Amino acid sequence: MTLQINITPNGRMSLPADVRKRLGLTGGGAVYLDETEDGVVLRTANQAVARAQALAKRYTGDNPGASVDAFLARRREESGE
């Protein structure tokens, strides 16, 4: 779906109500902007987290030893805590 969003002279733009509703932004909220070679991508916080998790999984696979908790546990063990 492609929508035209107008930008005011002071740089503000509004997402249409139906889009906000579908994205779960009915009570307001943050969106994250990524500038890409193809243009601009807006993501909700949930979408940004899911994307980060997918990227992390691509590099760590299903290795349970690659989690932050596992890393911190190894560091505590190494330091004698």
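Described in the following lines is the structure provided in the data block. (Residues numbered from 1 in each chain as written. Predicted model: local features only at pLDDT ≥ 70, side-chain atom pairs only at ≥ 80, totals over all residues. Heavy atoms only, no water.)

1. A short note on the pattern of salt bridges
- This structure, assessed with the given rule, holds three salt bridges.
- With its nearest N and O atoms 3.6 Å apart, the salt bridge here joins Arg-22 to Asp-18. Here Arg-22 and its partner Asp-18 are both found in helix H1 (residues 17-22), four residues apart, which amounts to about one turn of the helix.
- Residue Asp-18 is classed as partly exposed on the basis of its relative accessible area, which comes to 44%.
- Between Asp-34 and Arg-43 there is a salt bridge whose closest N-O contact spans 2.2 Å.
- The exposure class assigned to Asp-34 is partly exposed, which follows from its relative accessible area of 29%. (Salt bridge = Lys/Arg side-chain N within 4 Å of Asp/Glu carboxyl O. Helix = DSSP H or I, 4+ residues; strand = E, 2+ residues; numbered from the N terminus. Buried < 20%, exposed > 50% of the residue type's maximum accessible area, 1.4 Å probe, protein only.)

2. Some thoughts on helix H2 (residues 45-60)
- Taking 1.5 Å of rise per residue, 16 residues should cover 22 Å, and H2 covers 22 Å from first to last C-alpha, within 8% of that figure.
- Immediately beyond the C-terminal end of H2, within one or two residues, lies Gly-61, with a positive phi of roughly 65 degrees. (Expected span 1.5 Å × (residues − 1).)

3. Considering the pairing of strand S2 (residues 39-44)
- Relative to S2, strand S1 (residues 31-36) runs antiparallel, the two being bridged by six bridges. If you follow Val-31 over to S2, its bridge partner there is Thr-44.
- The turn joining S1 and S2, which pair antiparallel and follow one another in sequence, is formed by two residues. (Pairing = 2+ DSSP bridges.)

4. Things to note about the environment of Ala-45
- Locating Ala-45 in the fold gives a position in helix H2.
- In the structure, Ala-45 is positioned 16 residues away from Gly-29 in sequence and 8.4 Å away in space, judged by C-alpha atoms.
- Excluding anything up to four places from it in sequence, Ala-45 contacts Ala-30 and Tyr-32. (Contact = heavy atoms within 4.5 Å.)

5. Thoughts on helix H3 (residues 68-79)
- Relative to the 16 Å expected for 12 residues at 1.5 Å per residue, H3 spans 16 Å between its end C-alpha atoms, a close match to the ideal helical length.
- Looking one or two places after H3, you find Gly-80, whose phi comes out positive at around 85 degrees.

6. Describing the side chain of Thr-44
- Examined against the element boundaries, Thr-44 turns out to sit in strand S2.
- Beyond its immediate sequence surroundings of up to four residues, Thr-44 is in contact with Leu-23, Leu-25, Ala-30 and Tyr-32.

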